Every structure is written in C-alpha cells, then in structure tokens.
Amino acid sequence: MALDRGHVHDLYPEDVAKGLAEGKILLVDVREPNETDVERYPEAVYMPMSEFDPAALPDPAGKQVVFACRSGKRSVTASLAAQDQGFAYDSHLAGGIIGWKAAGLPTKT
C-alpha cells in the first residue's frame, strides 16, 4: 500500500495576485537569497528551502498559505513537507516567478 504523500493544489498567477490584493493569501517564497536578492514577489514572506521550517512561518491569520519558487518544483516540495508536519498548507503557485512574470505581474528588483 502506497503512503499518502498529500496533495498540492496548483494556483495560477492571476488567482494568487487577486488573493494577495484581497488579503486572502500569505505567499511564502522558498527560493534562496541569491535568487531573491535579484528579484522578489511583492508582498511575499521569505523562507529559503535550505532553512525551511513550516512551524517558523508567521501565523497566516485565516489566510491561505501559498508556496512559491522559481518554476513550481520547490514550492510543491515545501507544501508536502509542511503537510508531513501536520500543516494544512496544500497550495502552490504553479509556474513560479517565471509564470508570474509571463502573466505580466509585477516583481521587485
């Protein structure tokens, strides 16, 4: 019998941007400092995968936690790791910052 590894929901850039604007999403960027020093998501909390600890994230205060990275791979890993520790954080930004920029959404440089 296979171990249930949880499930991660894909959220698309426009939906995440709308949720941020409405105060419904806590965006957690798990990219490393060498990446975030170059370009950042506006309004994201930063916790590099190399230091990832879902218990150390700020209280989402009713917001949906959404993980983000460069392309969408590490954000899935972060979501599954959080679920493994008992957190109901099951969403990520599909396409990462590459998809975010392709959708014409702003970044901070």
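Parameters and conventions
- Residues numbered from 1 in each chain as written.
- Predicted model: local features only at pLDDT ≥ 70, side-chain atom pairs only at ≥ 80, totals over all residues.
- Heavy atoms only, no water.
- Helix = DSSP H or I, 4+ residues; strand = E, 2+ residues; numbered from the N terminus.
- Contact = heavy atoms within 4.5 Å.
- Pairing = 2+ DSSP bridges.
- Axes fitted to C-alpha atoms, helices over the stretch in contact; angles between N-to-C directions.
- Buried < 20%, exposed > 50% of the residue type's maximum accessible area, 1.4 Å probe, protein only.
- Arc of directions from axis to C-beta.

Trainee: Please clarify how the side chain of T36 should be interpreted in this entry.
Mentor: Mapped onto the secondary structure, T36 falls in helix 2 (residues 33-36). Sequence-distant contacts of T36, that is, excluding residues within four places in its chain, are made with D29, R31 and Y46.

Trainee: I tried to follow the sheet that holds strand 3 (residues 44-46) on my own but got confused; where do I start?
Mentor: As summarised here, the arrangement of the five strands in space is 1-5-4-2-3, forming an open sheet in which the pairing is parallel. Since the sheet does not close on itself, it has two edges, and those belong to strand 1 (9-11) and strand 3, each with one partner. The mean angle between the axes of side-by-side strands here comes to 35°, regardless of whether they run parallel or antiparallel. Across two bridges, strand 4 (residues 64-68) lies against strand 5 (residues 91-93) in parallel orientation.

Trainee: What exactly am I supposed to notice about the environment of F52 here?
Mentor: With respect to the helices, strands and loops of the structure, F52 is situated in the loop between strand 3 and strand 4. Residues F52 and L27, spaced 25 residues apart in sequence, show a C-alpha to C-alpha distance of 14 Å.

Trainee: Is there a simple way to think about helix 1 (residues 13-21) in this case?
Mentor: Along an α-helix, a turn takes 3.6 residues, which lines up residues three or four apart on a common side. Listed in full, the buried residues belonging to helix 1 are P13, V16, G19 and L20. End-on view of helix 1: buried residues confined to an arc of 130°, all on one side of the axis. When the buried face of helix 1 is taken as reference, the exposed residues oriented beyond 90 degrees from it are K18 and A21. Close packing links the buried residues of helix 1 with strand 1, strand 2 (25-29), strand 4, strand 5 and helix 4 (96-102). Count one or two residues on from helix 1 and you reach G23, which has phi positive near 70°.

Interpretation note: all reported values are geometric properties and have no functional meaning in isolation.
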